[in-house]
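Summary of the model geometry
Next come the chains, spelled out residue by residue.
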Amino acid sequence: MSERGGNLEKEPTTTRNSEELLELIFGYIENISKERALDNVLLLLADLGRELIGADRCTVWLWDKKAHELYTRVAHGVDELRLPEGAGLVGYAVSIGEDVIINDPYNDPHFNRDTDRQTGYVTREVIVIPIRSDNGDILGAYQAVNKMTDEGIFTDRDLKYLRLAASYSGKSIETALLNEEIDKAQREIINILGYAGEHRSLETGNHVTRVAAFATLLGRQMGLSPKSLETLTLAAPMHDIGKIGIPDAVLQKPGSFTNEEYDIMKRHSEIGSEILKRGDSSLLQVAAEIAAGHHERYDGKGYPLGKTDGEIDPYARIVAVADVFDALISDRCYKKAWEPERVHDLFIEERGRQFDPEVVDALLEVWDEMLDTNARSAEGIGEQ
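Residues numbered from 1 in each chain as written. Predicted model: local features only at pLDDT ≥ 70, side-chain atom pairs only at ≥ 80, totals over all residues. Heavy atoms only, no water.

This part covers the overall build of the protein chain. Within the protein chain, the regular secondary structure consists of 15 helices and eight strands. Split into buried and exposed, the 384 residues of the protein chain put 47% on the buried side. Counted over contacts in the protein chain with a minimum sequence separation of 6, partners at least 24 positions apart contribute 60%. When the accessible area of the protein chain is evaluated, it comes to approximately 19300 Å², of which 50% is carbon and sulfur surface. (Helix = DSSP H or I, 4+ residues; strand = E, 2+ residues; numbered from the N terminus. Buried < 20%, exposed > 50% of the residue type's maximum accessible area, 1.4 Å probe, protein only. Contact = heavy atoms within 4.5 Å. Areas by Shrake-Rupley, 256 points an atom, 1.4 Å probe, with all protein chains shown as cover.)

See below:
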């Protein structure tokens, strides 16, 4: 390894030939096309740019016009960065809408030395290329730093290659941003649906948020994959959506139910399931299973179908524990909150009867975290 400009770097590499470049580009295009998450798309695009021109680092910046900032959530060698609109060589390139190639940045008036001072990195060469949408609007910029091949400086050829990456990036970023907006809207709609049932039933404030947080803690302790854990977190708030179909006289009754009223109340599981099953998405199908199964019991004495053991949806078994934990640990219109010791004892007693033993074991393992999450909720601090 050699040290140049104060940075410990790789040995210089040779320039790729045309066939190798095409193979590189198509390989990245295939991987990028499979991604929905914006951060993953940005990182792949940064990797593509770095490999195309042999740069040490490459960053894809996005332009937040409302905040008047340029930002990147993923970058080589650094954490998330934000710059004021127009700052540095990136801001300059975006503001004029033109490419910038500088092989002596410390003598350029637009170069911002603060980042180098903060990180200890020494910037020797820089290319910045604005990234545009299909209609020509600037979305952000590609920034490549420090040439690592034998040439030692960025050339017009590098500019051409990075332009090629930038031209493809615009569409990829637009798609990823749209997916992010769709995901954000979906999360908001899910929470609104959950709060609809909570509001009508006069539940303790933020019940659905707490149940989602408790379920997430349990699922993580049980070793759910990141994708399954996200599904659980998103679907759990809809467990009581069926309460929107229960008459107010029953739903908002402060005292005990009569047998007839209890039978009416129990219908919320089936109502919720029927509502959610109308959606085609896998998330809503999971939410439908949770709505249908979170009042089933492990021993088969629950409702609405009296399912037992493995017949009950795994997500529903987790939400069942999270839901009852919240119901017991919180004040309700018909009861005061139980002491934690009493709640703890009940779950031990009902392990293998009302509740899945594996979920109860997870609850006991994260008991202190559950209580801490509940306490933070009471103080008005948002849960995960």
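After that view of the structure, there is still more to cover.
Before going further, it helps to spend a moment on the confidence of the model for the protein chain. Overall, the prediction assigns the protein chain a mean pLDDT of 81, with 83% of residues at 70 or greater. Least confident of the elements in the protein chain is strand E1 (residues 2-4), whose mean pLDDT is 30; most confident is helix H14 (residues 357-365), at 98. (pLDDT = per-residue confidence, 0-100.)

A word on the nonpolar core. Counting residues in hydrophobic clusters, the biggest one holds 40 residues, and the most contacted among them are Leu218, Phe325, Val343, Phe347, Leu363 and Met370. For this core, the elements supplying multiple residues, two or more each, are helix H6 (207-221), helix H7 (226-235), helix H11 (282-293), helix H12 (314-329), helix H13 (340-349), H14 and helix H15 (367-378). A per-element tally of this core places H12 first, with nine residues. In contact with Leu363, not counting residues within four places along its chain, are Leu218, Val321, Phe325, Phe347 and Met370. If you look at the next biggest cluster of nonpolar residues, it comprises 32 residues, including Leu42, Ala46, Ile53 and Ile127. (Core = buried A, V, L, I, M, F, W, Y, C linked by side-chain atoms within 4.5 Å.)

Glancing now at the sheet that holds strand E3 (residues 55-64). Here we have six strands laid out as an open sheet, ordered E5-E4-E3-E8-E7-E6, and antiparallel in their pairing. The sheet is open, and its two edges are formed by strand E5 (81-84) and strand E6 (100-102), each paired on a single side. Mean inter-strand twist for the sheet, computed between neighbouring axes without regard to direction, equals 20 degrees. Summarising the sheet, strand E4 (residues 69-72) and E5 pair through four bridges and their orientation is antiparallel. Bridge pairing links Tyr71 to Arg82 in E5. Relative to E3, helix H2 (residues 38-53) is tilted by about 140 degrees, and along the sheet it contacts E3, strand E7 (126-132) and strand E8 (138-147). (Pairing = 2+ DSSP bridges. Axes fitted to C-alpha atoms, helices over the stretch in contact; angles between N-to-C directions.)

In this section: the pairing of E8. With ten of its ten residues buried, E8 lies for the most part within the structure. Where E3 meets E8, seven bridges bridge the pair, whose relative direction is antiparallel. Looking at E8, one finds that Ala55 is bridged to Lys147. Bridge analysis of E7 against E8 gives seven bridges, and the strand direction is antiparallel. Across the sheet, residue Ile129 finds its bridge partner in E8, namely Tyr142. What sits between E7 and E8 in their antiparallel hairpin is a turn of five residues, with Gly136 showing a positive phi close to 95 degrees.

The pairing of E3 with E4 spans three bridges and is antiparallel. Looking across to E4, one finds that Leu62 is bridged to Tyr71. The loop that links E3 with its antiparallel partner E4 comprises four residues; one of these, His68, has a positive phi angle of about 55 degrees.

Attention shifts here to empty space enclosed by the protein. For the coordinates displayed, the defined rule picks out one cavity of 30 Å³ or more. Empty space within the largest cavity amounts to approximately 60 Å³. Every residue lining the largest cavity is listed: Glu296, Arg297, Tyr298, Ile312, Ala316, Arg317, Ala320, Val321, Gln354, Phe355 and Asp356. Classifying every residue of the lining of the largest cavity gives six nonpolar, one polar and four charged. (1 Å grid on protein atoms, 1.4 Å probe; cavity = no way out; pocket = protein on both sides within 12 Å on 5 of 7 lines; lining within 4 Å. Points joined across faces, edges and corners; volume = space filled by probe spheres on them. Nonpolar A, V, L, I, M, F, W, Y, C, P; charged D, E, K, R; others polar.)

Inspection of the secondary structure puts Pro304 in the loop between H11 and H12. Aside from chain neighbours lying at most four places away, what touches Pro304 is Ser269, Glu270, Ala292 and Glu296.

The angle between the axes and the distance between the axes are what describe a pair of packed helices. Two elements in contact, H11 and H12, have axes separated by 8 Å at closest approach and are oriented at 55 degrees. The angle between H11 and H12 places the two elements in the oblique class. Handedness of the crossing formed by H11 with H12: right-handed. For the pair formed by H11 and H12, the contact residues are Val286, Glu289, Ile290 and Gly293 on the first element and Tyr315, Ala316 and Val319 on the second. Each residue belonging to the contact of H11 with H12 can be placed in one class, and the counts come to five nonpolar, one polar and one charged. (Parallel < 35°, antiparallel > 145°, perpendicular 65-115°, else oblique. Left-handed = near helix turned anticlockwise from the far one by under 90°.)

In this section: the packing of aromatic side chains. Counting across every chain of the model gives five aromatic pairs. With 5.1 Å between their ring centres and 55 degrees between their planes, Tyr106 and Phe111 make a pair best called tilted. The exposure class of Phe111 is buried, given its relative accessible area of 15%. Ring geometry for Phe325 versus Trp367: centroids 5.5 Å apart, planes at 85 degrees, classification edge-to-face. Of this pair, Phe325 sits in helix H12 while Trp367 sits in helix H15, placing them 42 residues apart in sequence. (Phe/Tyr/Trp six-rings, centres within 6.5 Å; stacked < 30°, edge-to-face > 60°.)

What follows is about the side chain of Ser330. Secondary-structure assignment places Ser330 in the loop between H12 and H13. A polar contact is formed between the side chain of Ser330 and the backbone oxygen of Asp326, at a distance of 2.8 Å. (Polar contact = N/O pair within 3.5 Å; in protein donor to acceptor, adjacent residues only side chain to side chain.)

To continue, consider the side chain of Arg210. Checked against the element boundaries, Arg210 lands in helix H6. On the accessibility criterion, Arg210 (4% relative accessible area) is buried.

Here the structure, examined in full by the defined rule, presents 17 salt bridges. Where Glu125 meets Arg124, a salt bridge forms, and the shortest distance between an N and an O atom there is 3.5 Å. Neither residue differs from the other here; Glu125 and Arg124 are each classed as buried. Residue Asp326 pairs with Arg210 through a salt bridge whose shortest N-O separation is 2.5 Å. Note that Asp326 is positioned in helix H12 and Arg210 in helix H6, a separation of 116 residues in sequence. (Salt bridge = Lys/Arg side-chain N within 4 Å of Asp/Glu carboxyl O.)

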